[in-house]
Amino acid sequence: MSFVPGKPVTAVVQKIEIQKLRQGDNLILGFSIGGGIDQDPGQNPFSEDKSDKGIYVTRITPGGPAEVADLRVGDKIMQVNGWDMTVVTHDQARKKLTKKKEEVVRLLITRKSLEEAVKHSKGCHPRQ
Amino acid sequence: RETRAPCPRRPAVKAVWTRICSYGGLFYCCWCLKRKTSKRGGGGAGAPEATVEPGSFLPSGSPAAGSQDDNWGETTTAVTGTSEHSLSQEDIVRITKDLEDSVGLDCRRYVTRTIAVILGLLVFLTPLAFLVLPHILWPEKLQSCGTACEGLYISVAFKLLILLLAVWALFFRPARAGLPRVFVFRVLLAVLVFLFVVSYWLFYSVRILDSQDDNYQGIVQYAVSLVDALLFIHYLAVVLLELRQLQPCFSVCVTRSSDGETRHYNLGQLSIQRAALAIIEHYYCDFPIHNPALLSASKSRAAKHLAGLKVYNVDGPGNNAAAGMAQSQSRAMIAAAARRRDTSHNELYYEEAEHERRVRKRRARLVVAVEEAFTHIKRMQEEEPKKAPGDVMDPREAAQAIFPSMARALQKYLRTTKQQHCHSMESIQQHLAFCITNNMTPKAFLESYLTPGPTLQYGKDHWLGRRWTLISEASVTNGLKDGSVFVLKCVDFSLVVTAKKIPYIQMSEEYIDPKSHKFVLRLQSETSV
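Residues numbered from 1 in each chain as written. Chains lettered and ligands numbered in written order. Predicted model: local features only at pLDDT ≥ 70, side-chain atom pairs only at ≥ 80, totals over all residues. Heavy atoms only, no water.

Chain B has the name Vang-like protein in an unreviewed UniProt entry, where Fundulus heteroclitus is given as its organism. Check the Subcellular location (unreviewed entry) section of the UniProt entry for chain B; it says "Cell membrane". Heading Sequence similarities (unreviewed entry) of the UniProt record for chain B holds this comment: "Belongs to the Vang family." (UniProt positions renumbered as here; feature names shortened; annotations may be inferred.)

Looking at an unreviewed UniProt entry, one finds chain A named Tax1-binding protein 3, with Fundulus heteroclitus as its source organism.

With that out of the way, let us pick up the overall build of chain A. Helix and strand content of chain A: three helices and eight strands. From first element to last, N terminus to C terminus, chain A shows the α and β order β-β-β-β-β-α-β-β-α-β-α. Residue burial in chain A is summarised as follows: out of 128 residues, 39% are buried. Of all intrachain contacts in chain A linking residues separated by at least 6 positions in sequence, the fraction that spans at least 24 positions is 67%. Element-wise, carbon and sulfur atoms account for 53% of the exposed surface of chain A, whose accessible area totals about 7,700 Å². (Helix = DSSP H or I, 4+ residues; strand = E, 2+ residues; numbered from the N terminus. Buried < 20%, exposed > 50% of the residue type's maximum accessible area, 1.4 Å probe, protein only. Contact = heavy atoms within 4.5 Å. Areas by Shrake-Rupley, 256 points an atom, 1.4 Å probe, with all protein chains shown as cover.)

The subject of this paragraph is the sheet that holds strand β5 (residues 494-501) of chain B. All names here are of chain B. Pairing in this open sheet of five strands is antiparallel, and the strands run β2-β1-β5-β4-β3 from one edge to the other. Lying at the two open borders of the sheet, with one neighbouring strand each, are β2 (262-267) and β3 (469-472). Shown here is a sheet whose adjacent strand axes are inclined to one another by a mean of 25°, direction ignored. (Pairing = 2+ DSSP bridges. Axes fitted to C-alpha atoms, helices over the stretch in contact; angles between N-to-C directions.)

By the definition in use, this model includes 17 aromatic pairs over all chains. Ring geometry for B:Phe203 versus B:Tyr222: centroids 5.4 Å apart, planes at 35°, classification tilted. You can see B:Phe203 sitting in helix α5 (residues 184-209) and its partner B:Tyr222 sitting in helix α6 (residues 216-243), a full 19 residues away along the chain. Owing to a relative accessible area of 41%, B:Phe203 belongs among the partly exposed residues under this scheme. Centre to centre, the rings of B:Tyr349 and B:Tyr350 are 5.1 Å apart; their planes meet at 65°, and the pair counts as edge-to-face. We note that B:Tyr349, like B:Tyr350, is exposed. Among the aromatic side chains, those forming a connected cluster through ring pairs are B:Phe130, B:Phe196, B:Tyr200, B:Trp201, B:Phe203, B:Tyr204 and B:Tyr222. The ring centre of A:Trp83 lies 4.7 Å from the NZ or CZ of A:Lys96, which sits over that ring. Here the guanidinium or amino end of B:Arg256 rests over the ring plane of B:Phe493, the centre of that ring lying 5.7 Å away. (Phe/Tyr/Trp six-rings, centres within 6.5 Å; stacked < 30°, edge-to-face > 60°. Lys NZ or Arg CZ within 6 Å of the ring centre and 35° of its normal.)

This part covers the UniProt feature "transmembrane region" (unreviewed entry) in chain B. In the numbering used here, UniProt assigns the "transmembrane region" (unreviewed entry) feature to residues 115-137, 152-171, 183-204 and 219-241 of chain B. A helix fraction of 100% and a strand fraction of 0% characterise residues 219-241 of chain B, whose end C-alpha atoms lie 33 Å from each other.

When helix α13 (residues 442-450) of chain B is considered as a whole, its buried residues turn out to be B:Pro442, B:Phe445, B:Leu446, B:Ser448, B:Tyr449 and B:Leu450. Each element contacted by the buried residues of α13(B) is listed here: α10 (344-374), α11 (395-416) and α12 (425-437) of chain B.

On to the packing of helix α4 (residues 147-171) of chain B against α6(B). Residue and element names in this part refer to chain B. Running from N to C, α4 and α6 point in directions that differ by 20°, and their axes come no closer than 10 Å. Overall, the two elements α4 and α6 adopt an arrangement that is roughly parallel. Along this stretch, α4 crosses α6, giving a crossing that reads as left-handed. Of the residues that constitute the contact of α4 with α6, the class distribution is 21 nonpolar, four polar and three charged. (Parallel < 35°, antiparallel > 145°, perpendicular 65-115°, else oblique. Left-handed = near helix turned anticlockwise from the far one by under 90°. Nonpolar A, V, L, I, M, F, W, Y, C, P; charged D, E, K, R; others polar.)

On to the interface of chain B and chain A, then. Residue-level contacts link nine residues of chain B with 19 residues of chain A. For the pairing of chain B and chain A, the buried interface totals around 1,200 Å² over both sides, and the portion due to carbon and sulfur atoms is 43%. A per-residue breakdown of the area chain B buries against chain A is headed by B:Gln524, B:Thr527 and B:Val529, which together make up 57% of the total. Where chain B meets chain A, there are one salt bridge. When the shortest N-O distance is used, the salt bridge between B:Glu526 and A:Arg59 registers 3.4 Å. Inspection of the chain B/chain A interface yields eight residue pairs in polar contact (both at pLDDT 80 or more). Split into classes, the residues belonging to the side of chain B that touches chain A amount to three nonpolar, four polar and two charged. Relative to strand β6 (residues 526-528) of chain B, strand β4 (residues 31-35) of chain A runs antiparallel, the two sharing three bridges. By the bridge assignment, A:Gly34 is partnered in β6(B) with B:Glu526. (Buried area = accessible area lost by both parts, 1.4 Å probe. Salt bridge = Lys/Arg side-chain N within 4 Å of Asp/Glu carboxyl O. Polar contact = N/O pair within 3.5 Å; in protein donor to acceptor, adjacent residues only side chain to side chain.)

Residue and element names in this part refer to chain A. In terms of residue burial, strand β5 (residues 55-60) counts as a mostly covered element, since five of its six residues are buried. For β4 and β5, the ladder comprises five bridges, and the chain directions are antiparallel. Opposite Ser32, over in β5, you have Arg59 as the bridge partner.

A word on the nonpolar core. Residues and elements named next belong to chain B. Counting 35 residues, the largest nonpolar core has Phe130, Phe196, Tyr204, Tyr216 and Val220 as the members making the most contacts within it. Of all elements in the fold, only α3 (105-137), α4, α5 and α6 reach the threshold of two or more residues within this core. A total of 13 residues in this core trace back to one element, the largest contributor, which is α6. What Tyr216 contacts, discounting residues up to four positions off in sequence, is Leu131, Pro134, His135, Leu142, Gln143, Cys145, Cys149 and Tyr153. (Core = buried A, V, L, I, M, F, W, Y, C linked by side-chain atoms within 4.5 Å.)

Below is the structure:
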């Protein structure tokens, strides 16, 4: 899931659409992110490769919009509304997620179980 | 006025030049001869020893002046063990010893000193002679000397004074060693100075005395130029003798053959004998004293290895050649020793552990005894009321008073560490008095007994009269080279010296902008969105 500089990144992704919830003056999504290119990748508990500086979901508030939309802890966010999230700083990622003008965020996330599911399906049904 | 009587005949210029060339050639020839005789193989005994050779400074026999064949050193027959008129190594050593006893070393030193004094007098009196001779020989023809001339007098005087002080500082120092061969640079400088002064005299005698030049200022300037040139030669002497070897060029590794103590030193470009001298001086301050009592254990072990096997010749005597039998015997012994179950390593291990324990125990007792002994005396303050004269002691008496309480513990410790022959009772009491006088603590007093110190720390009989022999395959006046090996032999042990060249260091630079030092915190922050 980490990238080799100069090579394209391939991943099996899932689209998740989250409706932002309005709480007073703020629009919240109901999860916490960690990671970024300015952070220490070695401390990320969710990444497989400890040099992966991508944005990961670290917490989901129970009952929040993210949980409703089936976002899980440990998911790596690849894109937010078309904006790339694999090579961004932590603050840039936060900004992209908390734009006041947008009510919906469409995320592309990847997780290990997705890869395994694809492999499993490929393995069981050989190409014809 | 009537011209005076003609001066006595001086030798023609050509004859004087011939004489000068012959002297130069003489020195060159003996230098070549020394080099070549040192390089030939010695009488069947490997590397020749460059011990004291009293006849090596002056050439033995005086070759004919002027007609020296430069190659005569090369056709000298080498003395080897197989030539017809062979001398064995013992004969050569005996002859050298006889020469030594009869001629004596002092002869060489006196000759050197005499030559130095003569040369010095020549050098200092020459400018004065240049100035004074015209006044004596043709006073009426001389032009009177103006103020410029008198200024030159002052400069000659001061330059001579500076030259005198400089020569005293550089050359008139007590000799610190007697080296086997002459110091090549000094000889070359002496020859240079001699030739220089002689050539100046030559010019003076031909151009000035013969023609009785009346331009006195020119003569004074000539004398000043001589003194200037002598000061420059002295500068050359300082550079050659003192400065050239300061920059470190070689790293020498010195190992003592008896117990393997090794030290490394950095030396500059020196001849082998000067390097040996520097190393011996370092030896006296760095190496712990040679203690033969510590080596007896390994010798007894070695004896035990050999004593366990006995070789029997089953085939009967006289069957094999002597060499073949010896070889097969030693091979058999080595094979048998390898197969034998040797438990001597076990004994060594336990013995060493036991010895260590014993030494530490004795040391603890000694430290306690000495600390207790030191508490018995204290320094008398001036303000104290005067005690009876019987109570007041000087350091020696105080040392004698407290010595008995620690004597036994100290003696036992020295016996355990096999150092008892290095320290006599008298020396211990002297050291104790010294420590008391200088307000040293018991630990400071004990330090010289707990660890073996450098050789000079001990009594004179350990190092006085020690003679060193330099054994080298290359001539000892050659310079040190990468990979030179020579041995300094003493009566009890030898120092094996290896020289290695310090490599050429290529350094490059990298500039770091002070503003480029920037840091970020390594965080894993979590933001809720």
